[in-house]
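# Structural features, examined
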Amino acid sequence: MKKLIVGNFKMNTTVQEFSLYLDKFLPLIKNSKNMVALSLPYTHLMLASQKLVSTNVIMGCQNISTEEKGAYTGEVSNLMVKDLGAKFTLVGHSEIRKKFHETNEQINQKIIRALSVNLKSILCIGETKTEKNNNKTKQVLKKQIEIALKGLYENELKNIIIAYEPIWAIGTGKMPSVKEIEDNIAYLRKIILDIFSQKASEKIQILYGGSVNSNNFASILKSSQVDGLLVGGSCLDPFEFAKIVN
Ligand code: PGA
């Protein structure tokens, strides 16, 4: 089965640097058997929409506003990114949850906004080290999913992808074992089963993210529980990222 590999650029590269990146990256992955997506800064979407035409790479952004439009200085709306050709947005990335005190309720509002313009959401969830040490992982994941997906109909899940990213694994070089990743993803599927159905729990795409690199990706991707990867730091080097994608 095809896996989905998403590169999250975070706040890195100027548009010019990104353009040079694509010149190197696109030829390397043009025959990839996997699906490739780039989660970009807003400033890069216009260029990406031009350079990614007739390639196998889809583009998205890293956040959207909970609001539709109006007096929200500094925010960017669902329609604005959709208009530039974004196919998805990350929602609930732990860096945004933390820095901007984003709540699960706001994440739910963002998902509903995204759905309203047919934009997919990559919903990021995960536990902190303290929560893990206190055996709270499952409780935290359940709450994050239940609130984020509140009010959604099952047929809307085709526009939702879940990224399981333990917060302690993001940018740290630390990682859970493949067995732990599988157990937690199996648990996420169980939550989806309880809220929606068996079919929904089997169909929903669930990615793993947190310190993925070209040395450790293969064993994670081999797991049938894992539908793909969300890659931060390692996606910034086109050669490194191409190894993961291919
Ligand atoms: P990382 O980031 O790969 O640098 O750990 C992952 C993410 O934040 O999505």
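Our subject in this report is the structure included herewith. (Residues numbered from 1 in each chain as written. Predicted model: local features only at pLDDT ≥ 70, side-chain atom pairs only at ≥ 80, totals over all residues. Heavy atoms only, no water.)

## Section: the overall build of the chain
Heads up, the rule is: Each helix corresponds to a stretch of at least 4 residues labelled H or I by DSSP, and each strand to a stretch of at least 2 residues labelled E; elements are numbered beginning at the N terminus. We compute the radius of gyration from the C-alpha atoms alone; for a globule the expected value is 2.2 Å times N to the 0.38, where N is the number of residues. Any two residues whose heavy atoms approach within 4.5 Å are treated as being in contact. Computed by Shrake-Rupley with a 1.4 Å probe, the accessible areas treat only the displayed protein chains as cover when residues are assessed. Lys and Arg are tallied as positive, Asp and Glu as negative. Neither His nor the chain termini are counted. Where a charge lies is defined by one atom per residue type: Lys uses NZ, Arg uses CZ, Asp uses CG and Glu uses CD.
Across its full length, the chain holds 11 helices and eight strands. For the chain, whose C-alpha radius of gyration is 17 Å, the value lies close to the compact-globule estimate of 18 Å for 246 residues. With the C-alpha coordinates aligned to their principal axes, the bounding extent of the chain is approximately 45 × 45 × 35 Å. Partitioning the intrachain contacts of the chain with sequence separation of at least 6 by distance along the chain shows that 73% fall at a separation of at least 24. Counting only carbon and sulfur atoms, one obtains 54% of the accessible surface of the chain, whose full area is about 12,000 Å². Averaging the coordinates of the 32 positive side-chain charges in the chain and doing the same for the 23 negative ones gives two points 3 Å apart.

## Describing the pattern of salt bridges
The condition is simple: Any Lys or Arg side-chain nitrogen located within 4 Å of an Asp or Glu carboxyl oxygen qualifies as a salt bridge.
Taken as a whole, this structure holds eight salt bridges when the rule is applied. Lys 190 is the partner of Asp 194 in a salt bridge, and the nearest nitrogen-oxygen pair spans 2.7 Å. Residue Asp 194 and its partner Lys 190 are located together in helix α8 (residues 178–195), separated by four residues, close to a single helical turn.

## Description of helix α5 (residues 104–116)
The condition is simple: The span you would expect from a helix comes to 1.5 Å times its residue count less one. Type-normalised accessible area, obtained with a 1.4 Å probe on protein chains alone, sets the label of each residue: buried when under 20%, exposed when over 50%, and partly exposed for intermediate values. The directions from the helix axis to the C-beta atoms form the arc being described.
Between its terminal C-alpha atoms α5 stretches 18 Å, which fits the 18 Å expected from 13 residues at 1.5 Å a residue. Here α5 has its buried residues at Asn 104, Ile 107, Asn 108, Lys 110, Ile 111, Ala 114 and Leu 115. All buried residues of α5 lie within an arc of 160 degrees about the axis, which places them on one face of the element. Packed against the buried residues of α5 are β4 (88–91), α4 (94–99), β5 (120–125), α7 (137–148) and β6 (160–164). Just downstream of α5 lies Asn 118, where phi reads positive at about 65 degrees.

## What to know about the packing of α5 against α7
In plain terms, the rule: Axis definition: a line fitted to C-alpha atoms, over the contacting stretch in the case of helices. Angles run 0 to 180 degrees between N-to-C directions. Angles are sorted into four bins: roughly parallel if under 35 degrees, roughly antiparallel if over 145, roughly perpendicular if 65 to 115, and oblique for all others. Handedness of a helix crossing follows the sense of rotation of the near helix relative to the far helix, less than a right angle counterclockwise being left-handed and clockwise being right-handed. Following the grouping adopted for this structure description, the nonpolar residues are Ala, Val, Leu, Ile, Met, Phe, Trp, Tyr, Cys and Pro, the charged ones are Asp, Glu, Lys and Arg, and the polar ones are all others, Gly among them.
Running from N to C, α5 and α7 cross one another at 40 degrees; their axes reach a closest spacing of 8 Å. The angle between the axes of α5 and α7 places the two elements in the oblique class. With respect to the hand of their crossing, α5 and α7 are arranged in right-handed fashion. Across from Asn 104, Glu 105, Ile 107, Asn 108 and Ile 111 in α5, the residues of α7 making contact are Lys 143, Gln 144, Ile 147 and Ala 148. Classifying every residue of the contact of α5 with α7 gives four nonpolar, three polar and two charged.

## So, a positive patch on the surface
Defined as follows: Patch membership requires more than 30% relative accessible area and the absence of a salt bridge. Residues of like charge join within 9 Å; the nonpolar side chains Val, Leu, Ile, Met, Phe, Trp and Tyr join within 5 Å.
A surface patch of like charges, here positive, comprises Lys 120, Lys 158, Lys 199 and Lys 203. Mapped onto the elements, Lys 120 comes out in strand β5.

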